[in-house]
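For reference, the chains in residue letters:
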Amino acid sequence: MSRRLADVAAKVGVSEATVSRVLNGKPGVSPATRDAVLTALDVLGYERPTKLRGDRPRLVGLVLPELANPIFPAFAEVVGGALAQQGFTPVLCTRTAGGISEAEYIDLLLGQQVSGVIFAGGFYAERDADHAHYERLEALNLPVVLINASIESLDFPHVSCDDLVATQQALEHLVSMGHERIGLLLGPEDHVPSERKLAAARGFSERHGLAPLEVAHSQYSLESGQAATNRLLEAGVTAILCASDPLALGAIRAVRRAGLEVPRDVSVVGYDDSALMNSTDPALTTVRQPIDAMGRAAVDLLANMIAGGSVSRDELLFEPELVVRRSTAAAPRAASA
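Below is a short write-up of the structure. The structure displayed is predicted, hence computed values, not measured ones.

1. Structural notes on the sheet that holds strand β5 (residues 158–161)
An order of β2-β1-β3-β4-β5-β11 is seen for the six strands of this open sheet, with the pairing classed as parallel. The open sheet has two edge strands with one neighbour each: β2 (89–94) and β11 (316–318). Along the sheet, successive strands turn relative to each other by an average axial angle of 20°, direction set aside. When strand β4 (residues 144–147) meets β5, the two strands line up parallel, connected through two bridges.

Dropping the structure here:
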């Protein structure tokens, strides 16, 4: 107790006696000082006295896999702003290599008595990952919303970009320019959004009588995308449809290191339309996720659940938009015809 008083007093810059008066609900402390003391308790990880927990700020965890891919900071900005508008305080949790795991973040968030959690790009989309921490949240009946596709056994509300429509838009664009040998650069084989894109692409290919698709799986990084692209180039593809913008940038790098040019020899399409994709060389043709609408919908769902309302468990699908820039062009044969 004495250590807690000392730590909080030092954090706020007041006496231990002032902290004690706040914790015991005694008068003689200004509202600003009282709020500062309670906030310091939360920041330092100390439990509030039971009678003060009703005044606890409404915290919501926002769990992201990384910040290197610019789509995730974009989601964080939208979701954080929407949470603030509804009176919630976001707590950002980002996994790093060798750092805190997703399951460990859940322990921390539960210790902070969060009102709910929003996940974007987590292990819920990977079939072979450990899902015990999600099952724990289900058992606790804590409000949770997922952004983008998840494995079927997790019964959380989620909002997603329609991978079927996104894949069709990109392939229609490439086929219209004469591409027949098309490669897919996807995430890991157990990744649900990549499974959906692959199924959509195979269906499209069969309906349009295209040559069998060349498929390469990769981790979601520029370097992994570059390495996987080499296998597609060896197969002679003239266009590559990628499952993320960083993968597309890796593909462009691989094409150049093979002595080829984008889009003269190989066209490249990304996915997300994350920040600065209109400033790359060449500017990237990509499928835009409607992150503003998706992020706000996720917050609305969570807020309804926290308020005790019932929400649909059906997946909310949002329409993507193909953004055509300079990384795609006519297939080499069509260009010379």
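2. Here's the deal with the packing of aromatic side chains
Tallied over the full model, the rule gives three aromatic pairs. Between the aromatic rings of Phe119 and Tyr134, the centroid separation amounts to 5.1 Å while the plane-to-plane angle is 65°, which identifies the pairing as edge-to-face. Linking Phe119 in strand β3 (residues 116–120) with Tyr134 in helix α6 (residues 132–140), this pair joins segments that are 15 residues apart in sequence. When the centroid spacing of 6.0 Å and the interplanar angle of 80° are considered together, the rings of Tyr124 and Tyr134 count as edge-to-face. Within this pair, whereas Tyr124 is found in the loop between β3 and α6, its partner Tyr134 is found in helix α6, the two being separated by ten residues in sequence. Owing to a relative accessible area of 0%, Tyr124 belongs among the buried residues under this scheme. Three or more aromatic residues link up through ring pairs in this structure, and these residues are Phe119, Tyr124 and Tyr134. A cation sits over an aromatic face here: Arg95 above Phe123, 4.1 Å from the ring centre. In this structure, Lys197 packs its charged tip against the face of Tyr271, placed 4.0 Å from the ring centre.

3. Considering the environment of Ala331
Mapped onto the secondary structure, Ala331 falls in the loop between β12 (321–323) and α12 (332–336). On the accessibility criterion, Ala331 (4% relative accessible area) is buried. For the pair formed by Ala331 and Ile106, sequence separation is 225 residues and the distance between their alpha carbons is 48 Å. Leave out the neighbours within four places in its chain, and Ala331 touches Met177, Gly178, His179 and Thr238.

Rules used in this analysis
- Residues numbered from 1 in each chain as written.
- Predicted model: local features only at pLDDT ≥ 70, side-chain atom pairs only at ≥ 80, totals over all residues.
- Heavy atoms only, no water.
- Pairing = 2+ DSSP bridges.
- Helix = DSSP H or I, 4+ residues; strand = E, 2+ residues; numbered from the N terminus.
- Axes fitted to C-alpha atoms, helices over the stretch in contact; angles between N-to-C directions.
- Phe/Tyr/Trp six-rings, centres within 6.5 Å; stacked < 30°, edge-to-face > 60°.
- Buried < 20%, exposed > 50% of the residue type's maximum accessible area, 1.4 Å probe, protein only.
- Lys NZ or Arg CZ within 6 Å of the ring centre and 35° of its normal.
- Contact = heavy atoms within 4.5 Å.

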